[in-house]
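Summary of the model geometry
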Amino acid sequence: MSSEHQHPHGVGCLARSVADTLAEEPALEAVTFDAAQKKISVATLGRTDVEKLTQRLTGKIQAAQSADGRHTCSLLSGQGDCGSCDSPLSEAERQRITIQRDGDATTIARLTCPTAPKFWRWRDLPLPRIEPRTMEIPEDDDHDHHHADEWKLQLTAAIICGICGLLAAFAVPAQFKVFTFVAAYLAGGFYPAEEVWERLQKRVLDVHFLMLAVAVGAACINAWEEGATLLFLFSFSGALEHYALGRTQKEIRSLFRDAPKTATAIDAAGNETEVPVAGLRAGKRLLIKPGSQFPVDVEIVKGATAADESNLTGEAAPVEKAVGDGAFAGTINLWGAVEVIVTKPAAESSLQKIITLIKEAQHQKAPAQQFADKFSTYYTYGALGLSLVMFFVWWLGFGLTAFTSTPEVRSAFYRTMTLLVVSSPCALVLSIPSAVLAAIAWSARHGILFRGGAAVEKLASVDVVCLDKTGTLTTGELRVEKIESFPAGRESEVARLAYSLEKLSTHPLARAITLHGKRQGLTAIEFPKFESVTGQGLQAKHEASEVFLGKRAWVMERRAADRREPSGGPETGAPTDIGTSEVWVSAGDLLGRIILRDDIRPQAASVLEDLRHEGLRSVVLTGDNQAAAEHLRTELKLDDVRAGLKPEEKVAAIRELSGQGRHVAMIGDGVNDAPSLAVAHIGVAMGARGSDAALEQADVVLMHDRLENFLAAFRLSQRASRIIKQNLFISLGTVVVLVTFAMLGKIPLTLGVVGHEGSTVVVVMNSLRLLFGKAPNSNLQAPDKLQIPSSQKQRAA
């Protein structure tokens, strides 16, 4: 370690702070600043109050930072030469300390005997830093409820501040003015001071600190009116900010009713027992009574009812439930008592998954917001440095008085405070997150989940929409239309084998076959060996035979290889009609197929027409045959259709489009769509019924199986993008205008405060237009009052 026993040029400001602390704290021996590790290490000797020492030391460093960010930053970055110092250490002070540098670390220590360092006790502290003002997201529900109402208290404090300020300025006798202004300061500064104290404990400075410092400075030069105006507007804008966030949280909380803590379990004898929901496991049999919530994801095994799924999907119409149908946690059993089997524990339920998605979404920042946060941090340092420089320019360069203002000429300090206020980036750092959070809240209320600000931003730039066929352009509610066996007469065997294999899959074809099997009361076969072949089908071992289920060509190929005979022949059956799908089953000498029908969604044609009007190109990527794909192209007037694709070929098609400079959105719902969702510019999963893999990879989740919700999400994203641009223009434009006038000395502090805080209020209110605005799609409405058909009411009676 190299030693420099005299003070190196340019570190006097920070070195003086440490030297003062060394003189005041006998137990403190040395302080090390590590720029690379962003931390401070302190060495003590003997007993000491570590908490008190930490507060005193960090307070000194923060004071040095706020006084001259240039000196502090250069020293802490390990550069060693910060430029000239306004208050260098005296010769006597230099004789009492040593400053040593080793790479990025700088140590300031008191002069002591050579053996003393062996007995020092070192402790690490995080480096105090300046951070941009942010919109904080509450982590827990209790704090969430508190946060929703906190704006009311802040608004009350702001109003009290404003009233006291007006009374002091116009009504109160001169001898009581100061007391009234102090009351205004206390009311307006209470909540900002509370936030500053919380951040100081974390060794963080932000714009709240700057605003309070300016208000105190105004009081020091007897400019009470300006200080009170600053605190009133700052606390008022803070109340609006908390109102916006609280309103956003309220919109999200309204989606989820309080989950039940217990459920009614049924044993083999039919006895009912109350059990904790947290302890429920897959396979447990429950009784769900009318009006109760489904506590976890379940499957109906006895009875019939309808469920209110509006909090999950945004769809107000009740959904009929019969044997074999699934029901989601958090939805309401409307009229029938049903017996169900638990399919997933509470921690893995659809409701919990959605809650997790929403919470993650609020914390994931858009790229523009990440850039704004970084920019505003450096901007804050620049504003501090500029304000300090201009103080000396006005004082020493233009000959203005340092602190004393006259009616004709404002002092250098007064002008510096004005410049500091108008250059603070409050509106800038709120311009993006306020709009993103409002968009996320609105969309969640309408059954659309954005997984973070990045998704909101990216969707607006899409110019190509790739869609899966089954479950996306079609209803996905397949029904078994016909079962055939070759030779005829063994249809029940084909149905049982298909049911036994498909119950292990989540594809729409598999769901239809599984539902058919359950309603027919088929008994599942247990397979000792089971394998899924991506994009082709399933294979298993049953008794002495290999069982294959999947596409015609693949099943015939595997059957021929297994039986060592040529594929094809008359037993392959007649071609299916357009609009139907087939699943082939082979086991030993048994061959058969299941024909399923899936109708095109009624809204698909109009949605695709609207997409064309928006300038979006539509491309269907499907594993179905070419004839079915061409039928779809004709019916829906698609721009492009690519048929017979395996999952990896869908990925290649998306990459091809992306390579042409296109921004691709992929809409899908199955496990086989997950790779495509991951590689697209933005992935969109259809419905809460979509596979876990698809939901995991998606950036946007359409909670109800409504294709038109994508159009609503796209238009909302574009609107959010426009509002973000408006906010940036307002915030940056206001700063440019106000800073220009402040540099010229043509703007009083009061007007600067009004302009600065006014722009913040305008930005927040502009963002709230997203939350309170009408649906971008006129057919999309928030779930309101549930209408139960009269037939169901009669059955309930």
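Residues numbered from 1 in each chain as written. Predicted model: local features only at pLDDT ≥ 70, side-chain atom pairs only at ≥ 80, totals over all residues. Heavy atoms only, no water.

1. Here we look at the sheet that holds strand β28 (residues 664–668)
The mixed open sheet is built from seven strands, whose spatial order is β18-β30-β29-β28-β19-β26-β27. At either margin of the open sheet sits one strand with a lone partner, and together these are β18 (448–450) and β27 (640–642). For this sheet, the mean angle separating the axes of adjacent strands, direction not counted, is 20°. Where β18 meets strand β30 (residues 700–702), three bridges bridge the pair, whose relative direction is antiparallel. For I448, the partnering residue across the bridge sits in β30 and is L702. Running over the sheet, helix α24 (residues 708–743) touches β18, β19 (464–467), β28, β29 (682–686) and β30 and is turned about 45° from β18. (Pairing = 2+ DSSP bridges. Helix = DSSP H or I, 4+ residues; strand = E, 2+ residues; numbered from the N terminus. Axes fitted to C-alpha atoms, helices over the stretch in contact; angles between N-to-C directions. Contact = heavy atoms within 4.5 Å.)

2. Describing helix α19 (residues 604–613)
Among the residues making up α19, those that are buried are A604, V607, L608 and L611. Take α19 and look down its axis: the buried residues cluster within an arc of 95°, on one side only. Residues of α19 that are buried sit in contact with β19, α15 (469–473), β26 (617–621), α20 (626–636) and α24. Backbone geometry just after α19 places G615 at a positive phi near 85°. (Buried < 20%, exposed > 50% of the residue type's maximum accessible area, 1.4 Å probe, protein only. Arc of directions from axis to C-beta.)

3. Considerations on the environment of H681
As for its position among the elements, H681 is in the loop between α22 (674–679) and β29. It is 8.0 Å that separates the C-alpha atoms of H681 and M666, two residues lying 15 residues apart in sequence. Each residue touching H681, except ones within four places of it in the same chain, is listed here: K458, S461, V462, H663, V664 and D699. Only 3.1 Å separates the side chain of H681 from the side chain of S461, close enough to count as a polar contact. (Polar contact = N/O pair within 3.5 Å; in protein donor to acceptor, adjacent residues only side chain to side chain.)

4. With respect to the packing of aromatic side chains
Summed over all chains, the structure comprises twelve aromatic pairs. Between the aromatic rings of F392 and W395, the centroid separation amounts to 6.1 Å while the plane-to-plane angle is 35°, which identifies the pairing as tilted. Of the two residues, F392 and W395 both sit in helix α11 (residues 367–397), three residues apart, roughly one turn of that helix. Take F392: its relative accessible area is 26%, and that puts it in the partly exposed class. Look at F486 and W584: their rings are 5.7 Å apart centre to centre, the planes differ by 15°, and that puts the pair in the stacked class. Taken together, the positions of F486 in strand β20 (residues 479–486) and W584 in strand β24 (residues 580–587) put the pair 98 residues apart, joining distant regions of the chain. A single burial state applies to F486 and to W584, both of which are buried. Taken together, the ring pairs connect F391, F392, W395, F403 and F413 into an aromatic cluster. (Phe/Tyr/Trp six-rings, centres within 6.5 Å; stacked < 30°, edge-to-face > 60°.)

5. A look at helix α13 (residues 426–445)
Taking 1.5 Å per residue, 20 residues should reach 28 Å; α13 reaches 29 Å between its end C-alpha atoms and fits that length. Counting buried positions along α13 gives 19 out of 20 residues, so the element sits mostly inside the fold. In the stretch just after α13, G447 is the one whose phi turns positive, near 80°. (Expected span 1.5 Å × (residues − 1).)

6. Focus: the pattern of salt bridges
Summed over the entire model, instances satisfying the criterion amount to 20 salt bridges. Across the salt bridge formed by K302 and E339, the nearest N and O atoms sit 4.0 Å from each other. Taken as a pair, K302 in strand β12 (residues 298–302) and E339 in strand β17 (residues 338–342) lie far apart in primary sequence, 37 residues in all. Among the salt bridges present, the one from R597 reaches E481, with a minimum N-O distance of 2.7 Å. Taken together, the positions of R597 in strand β25 (residues 590–597) and E481 in strand β20 put the pair 116 residues apart, joining distant regions of the chain. Among the charged side chains, a salt-bridge network with shared partners connects K482, E484, R552, E582 and R593. (Salt bridge = Lys/Arg side-chain N within 4 Å of Asp/Glu carboxyl O.)

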